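What follows is each chain in one-letter form.
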Amino acid sequence: EEDLKTLEEKSLNLKEEKDLLTFWKKGFGSDGIRVQRIKDCLNMVNAFLSTYLKVLSEGCMTAYLGHKVNKTGKVNYSKLDIVVHKDGIRTPMKFLSGGEKRLLDLSFGLCLHKVSGVNTLLLDEWFSDLDLPTTQRAFSLITEVAKDSTVLVSTHNQAIYETYKVYKDSSGYTKVERGSYGTDS
């Protein structure tokens, strides 16, 4: 009988240890750490995304990335969802105009550039759906965000050619200067 009691105590201790190990594994194991890192990264991306999109849209749009939530309310940490608010109203992506989607693309691109620490930013036709004032805001934001980076721009947007002067400086580097320039200069 004493052996049975000792065995039950050991079993209870093992169960408590298992519960404790399960708790630590969930909180600090590979999944727990991964989820926490993703949350930290999302917080940083969302801070940049919100700031950049507000500047580009003149305060009309905000967006954030969050974990996908199913119909029962359970959070799926392996999937991300983008939530966009336009003029304070949650708006599905399919109802955004081409220019609004382009602003969102540009904001995400700048976020990823900022968060990743990569020193080169490639903008391939990111200004195609934007009007001149928005293009100017975008270039101003890019100039600020990527001031210590190499920025490569590919565009057919005439407004960029008319607004920015592209030239090589004395060291051979291509520079972009803001001003009022025609295509003949």
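In what follows, the structure referred to is the one given above.
None of the values given here were measured: they were computed from a predicted structure.

Right, let's get into the overall build of the protein. A tally of regular secondary structure across the protein gives 5 helices and 7 strands. Starting at the N terminus and walking to the C terminus, you meet the elements of the protein as α-α-β-β-β-α-β-α-β-α-β-β. The proportion of buried residues among the 185 residues of the protein is 28%. At a minimum sequence separation of 6, the contacts of the protein that also span at least 24 residues come to 48%. With the model as given, the accessible surface of the protein reaches about 12800 Å², and the carbon-plus-sulfur share is 55%.

One ladder, built from 9 bridges, connects strand β1 (residues 61-69) with strand β2 (residues 75-86); its direction is antiparallel. Along β2, the bridge assignment pairs methionine 61 with lysine 86. Hairpin connection from β1 to β2: 5 residues lie between these consecutive antiparallel strands, with glycine 73 at a positive phi of about 95°.

Taken together, the 3 strands give an open sheet; going across it, the order is β1-β2-β3, and neighbouring strands pair in antiparallel fashion. With partners counted over all chains shown, the strands left at the sheet margins are β1 and β3 (89-90), one partner each. Strand direction decides the pairing type here: β2 and β3, joined by 2 bridges, are antiparallel. By the bridge assignment for β3, histidine 85 is matched with arginine 90. Across the sheet, helix α3 (residues 98-116) is in contact with β1 and β2; its angle to β2 comes to roughly 130°.

The subject of this paragraph is the packing of aromatic side chains. One pass over the full model with this rule turns up 1 aromatic pair. A ring pair is formed by phenylalanine 48 and tyrosine 52, whose centres lie 5.8 Å apart and whose planes are at 25°; its orientation type is stacked. A residue pair is termed a helical-turn pair when its members lie 3 or 4 positions apart in one helix, as phenylalanine 48 and tyrosine 52 do in helix α2 (residues 30-56) at 4 residues. We classify tyrosine 52 as buried; its relative accessible area is 6%.

On to helix α4 (residues 132-145). The terminal C-alpha atoms of α4, which comprises 14 residues, lie 20 Å apart, in line with the 20 Å expected from a rise of 1.5 Å per residue. Of the positions making up α4, those classed as buried are Thr134, Thr135, Arg137, Ala138, Phe139, Leu141, Ile142 and Val145.

Time to look at the environment of asparagine 43. Take asparagine 43: it is sitting in helix α2. Looking at asparagine 43, the relative accessible area reads 53%, which means it is exposed. Along the chain, asparagine 43 and tyrosine 64 lie 21 residues apart, while their C-alpha atoms are 9.0 Å from each other.

Let us look at the side chain of threonine 91. By the element assignment, threonine 91 lies in the loop between β3 and α3. Among the polar contacts made by the side chain of threonine 91, one reaches the main-chain carbonyl oxygen of isoleucine 89 at a distance of 2.8 Å. Not counting residues within four places of it along the chain, the set of residues in contact with threonine 91 comprises Val84, His85, Lys86 and Leu96.

The rules behind the values
- Residues numbered from 1 in each chain as written.
- Predicted model: local features only at pLDDT ≥ 70, side-chain atom pairs only at ≥ 80, totals over all residues.
- Heavy atoms only, no water.
- Helix = DSSP H or I, 4+ residues; strand = E, 2+ residues; numbered from the N terminus.
- Buried < 20%, exposed > 50% of the residue type's maximum accessible area, 1.4 Å probe, protein only.
- Contact = heavy atoms within 4.5 Å.
- Areas by Shrake-Rupley, 256 points an atom, 1.4 Å probe, with all protein chains shown as cover.
- Pairing = 2+ DSSP bridges.
- Axes fitted to C-alpha atoms, helices over the stretch in contact; angles between N-to-C directions.
- Phe/Tyr/Trp six-rings, centres within 6.5 Å; stacked < 30°, edge-to-face > 60°.
- Expected span 1.5 Å × (residues − 1).
- Polar contact = N/O pair within 3.5 Å; in protein donor to acceptor, adjacent residues only side chain to side chain.

Taken by themselves, the reported measurements are silent on function.
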